[in-house]
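# Fold and geometry: a report
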Amino acid sequence: MSNVFLLIKIHYMGAFGLNRALHTKDGREKTKFWGIAAAVVFSFLILLFTFAAYCWFMGVGLQALGMEKMLLAVMMAVSSVLCLMTSVYKGSSVLFNFSDYDLVMPMPLKSFHVVTAKLLILYLMNLAFTLFVMIPAIIVYGILASPSPVFYLLALVLTLFVPMLPILVGTAFSVLINMVASTFRSKNIVAILLSLIAVCGVMMLSFSSGSLTEEMMTNLSLSISSAVYKIYPLTRVYTEAVCGPDFWMALLFIGVSAIVFFVFAFFTGKKFKAMHTFLTTTQARSHYKMGSLKGSGVMSALYKREIRRYFSSTIYVINTIMGAVMLTLMSVVLVFGGQDMLAQITGIPGAASLSGYVMPFIIATLMGMTATTPVSVSLEGKSLSLLKTLPISPMQIYQAKIGVNLTITVPAVLINVPILVAVLKLSAFQTLFCFIIPLAFAFFWAQTGLIINLLLPNFSWTNEVTVVKQSMPTFIGIFGGMLLPLLPLIPLMALPFSRSVMLAVIGVVFILGNIPVYGVLKHWGSRTFIKLSA
């Protein structure tokens, strides 16, 4: 299995730019990498602390009902859903769409080893989500229930096996989706639509199960446990094994997860080359006919190039469009469930009564998750040198990339805000800032995303997943885009000033914030782009 670990090592050494940071002779490059890495770790710890506080309040509430062990079951179900969703839209890409296929396969490696390495790479990605969710829950349960030391040993060991089944199910769905899509002429568009349907289905199923637990209030303890166990039966095995402790249940959980993982890797390895050929081969289904050629302006041509590049990658689209999709789902849920559903969706108590002041920042947060630019420069890959030879300025390239981002965010805001305004019955003043704040932040974060990517470019990737899902610009782009719009809620709610005045001031700050960012991108960004080398 040394070959498997070698493939994993090579992948992760290149994934985060670690190999370059360790071996570069440029001191500034190392300082920049480790400085940003420290900032990312610090941000991650803040998020972890915040989630731990959430687990504490949930655990205290469950303890009052005498069912604190359900904290572990709920969090295991949450982490499993996250693993399932991420695997649905990236499982097939990790397994089959890696650009160094022609370099790896001639090596003296078995297909089983390659498949196992790719599955373990996918597993390690999802293990990070699982540990982020489960470690705080384990600590909180330990404080509240005072279990024996065996609990901590079993909890940590079994948590390592939690992602296995969800990623296998998600990957199987992902492969099936891509196999179906490959039979169509526009296979990328079909794959994107099918992946979105699958992910939205998982999200709606999770949300409806959350509604069920609130409806079944006559016997609360039984309703919560039965609902969670019904969603994912293995949560019962996990909680009984850990909280018992029950070593037979622990062996059952580990055995089922490991055996299914091995069987999946074995049979996929047997058909790996045939499946790769089927999924990556393109066929000409029409005869080219010479016709009149249409010319277009420089910006129009660049924009069309960026749009084609964007929709040519399923993983790129799904990873960056979910904010807009979630905004649309929220609108649909509120239309059918009423404004009282807002508190349940956002997790903010009394959100309905404050919706006019809270909603602009919720929408802006979802638009921050929809940033396409933090990885758009890196995705140029080896074609960067060709792009730099064109008689165009860096700002024209940037404007085309920002245009793709705004193509997603602006329609999402313009379509969904009127629906939300009608459901929540917002005033004209509040409606105005439901447009201004999200749109201003969408433009601000699209520009900032390019700056982030220029600071941390990666042109040596062999799989788009490396750039789109595992790079520092992605982490900063997604979590920064989620956190920044929520920060103004603190002074808005805490300071003793008119909320309408505060909302107007924050809106002006969001608009004016675009000016210095544009200046940095125009001057520093242009000089940096010229110095880039793939």
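Everything discussed here concerns the structure shown above.
Residues numbered from 1 in each chain as written. Predicted model: local features only at pLDDT ≥ 70, side-chain atom pairs only at ≥ 80, totals over all residues. Heavy atoms only, no water.

### Here's the deal with the packing of aromatic side chains
What counts, and what does not: Aromatic pairs are defined between Phe, Tyr and Trp rings, using the six-membered ring for Trp, whenever the two ring centres lie within 6.5 Å; interplanar angles under 30 degrees are classed as stacked, those over 60 as edge-to-face, and all others as tilted. The way it works is that DSSP assigns letters per residue, a run of H or I at least four long becomes a helix, a run of E at least two long becomes a strand, and they are numbered from the N terminus. Partly exposed residues are those whose accessible area sits between 20% and 50% of the maximum for their type, while under 20% is buried and over 50% is exposed, using a 1.4 Å probe and protein chains only.
For the structure shown, the criterion picks out 16 aromatic pairs. Measuring from centroid to centroid gives 5.3 Å for Phe266 and Phe267, while their planes differ by 85°, and the two rings are edge-to-face. Relative to Phe529, the ring of Tyr398 lies with its centre 5.9 Å away and its plane at 85°, an arrangement referred to as edge-to-face. Separated by 131 residues along the polypeptide, Tyr398 in helix α19 (residues 394-424) and Phe529 in helix α25 (residues 514-531) bring together distant segments of the chain. Using a relative accessible area of 5% as the deciding quantity, one classes Phe529 as buried. A connected cluster of aromatic rings, assembled from ring pairs, spans Phe361, Phe441, Phe444, Trp445 and Phe510.

### Looking at the nonpolar core
The line we're drawing: Among the buried residues, those of types Ala, Val, Leu, Ile, Met, Phe, Trp, Tyr and Cys that are joined through side-chain atoms within 4.5 Å form a nonpolar core. Residue ranges for the domains originate in an automatic or database domain assignment. In what follows, residue pairs with any heavy atoms lying within 4.5 Å of each other are defined as contacts.
Among the nonpolar cores identified, the biggest contains 105 residues, and Tyr238 and Phe253 are the most heavily contacted of them. No other element matches helix α6 (residues 111-145), which puts 18 residues into this core. Residues from two domains meet in this core; each of domain 1 (2-280) and domain 2 (298-531) gives at least three. When neighbours within four sequence positions are excluded, Phe253 is seen to be in contact with Met76, Leu158, Phe161, Val162, Leu234, Val237 and Tyr238.

### Topic: empty space enclosed by the protein
For clarity, the threshold we go by: In this analysis a 1.4 Å probe is tested at points of a 1 Å grid over the protein atoms alone, and where it fits but cannot get out there is a cavity; an open set with protein on both sides within 12 Å along at least five of seven lines is a pocket; lining residues have an atom within 4 Å of a point. Grid points are joined across faces, edges and corners, and a volume is the space filled by probe spheres set on the points.
Summed over the entire model, instances satisfying the criterion amount to two cavities of 30 Å³ or more. When its volume is computed, the largest cavity comes out at roughly 90 Å³. Contributing elements (two or more residues each) for the lining of the largest cavity: α15 (314-337) and α22 (472-483). Counting residues per element, the lining of the largest cavity draws most heavily on α22, at four residues.

### Some thoughts on unusual backbone geometry
Despite not being glycine, Ser146 has its phi angle at roughly 50°, a positive value. When you line up the elements, Ser146 lands in the loop between α6 and α7 (149-159). Note on Ser146: relative accessible area 59%, which makes it exposed. Of note in this structure, Lys425 is not a glycine but carries a positive phi near 55°. Mapped onto the fold, Lys425 is located in the loop between α19 and α20 (428-455). Residue Lys425 is classed as exposed on the basis of its relative accessible area of 65%.

### Concerning the pattern of salt bridges
As a reminder of what qualifies: Salt bridge, as applied in this entry: a Lys or Arg side-chain nitrogen positioned within 4 Å of an Asp or Glu carboxyl oxygen.
For the coordinates displayed, the defined rule picks out five salt bridges. Salt-bridge contacts for Glu240 lead to Arg236; the nearest nitrogen and oxygen are separated by 4.0 Å. Of this pair, Glu240 and Arg236 both sit in helix α11 (residues 234-243), four residues apart, which is roughly one turn of that helix. Here Glu380 and Arg305 are joined by a salt bridge, their closest N and O atoms 2.6 Å apart. Taken together, the positions of Glu380 in the loop between α17 (355-368) and α18 (384-388) and Arg305 in helix α14 (residues 298-311) put the pair 75 residues apart, joining distant regions of the chain. Taking the relative accessible area as the measure of exposure, Glu380 reaches 8% and is therefore buried. You can call Arg305 partly exposed: its relative accessible area is 27%. One connected set of salt bridges, linked through shared partners, spans Arg305, Glu306, Glu380 and Lys401.

All quantities given are derived from atomic positions and should not be read as evidence of function.
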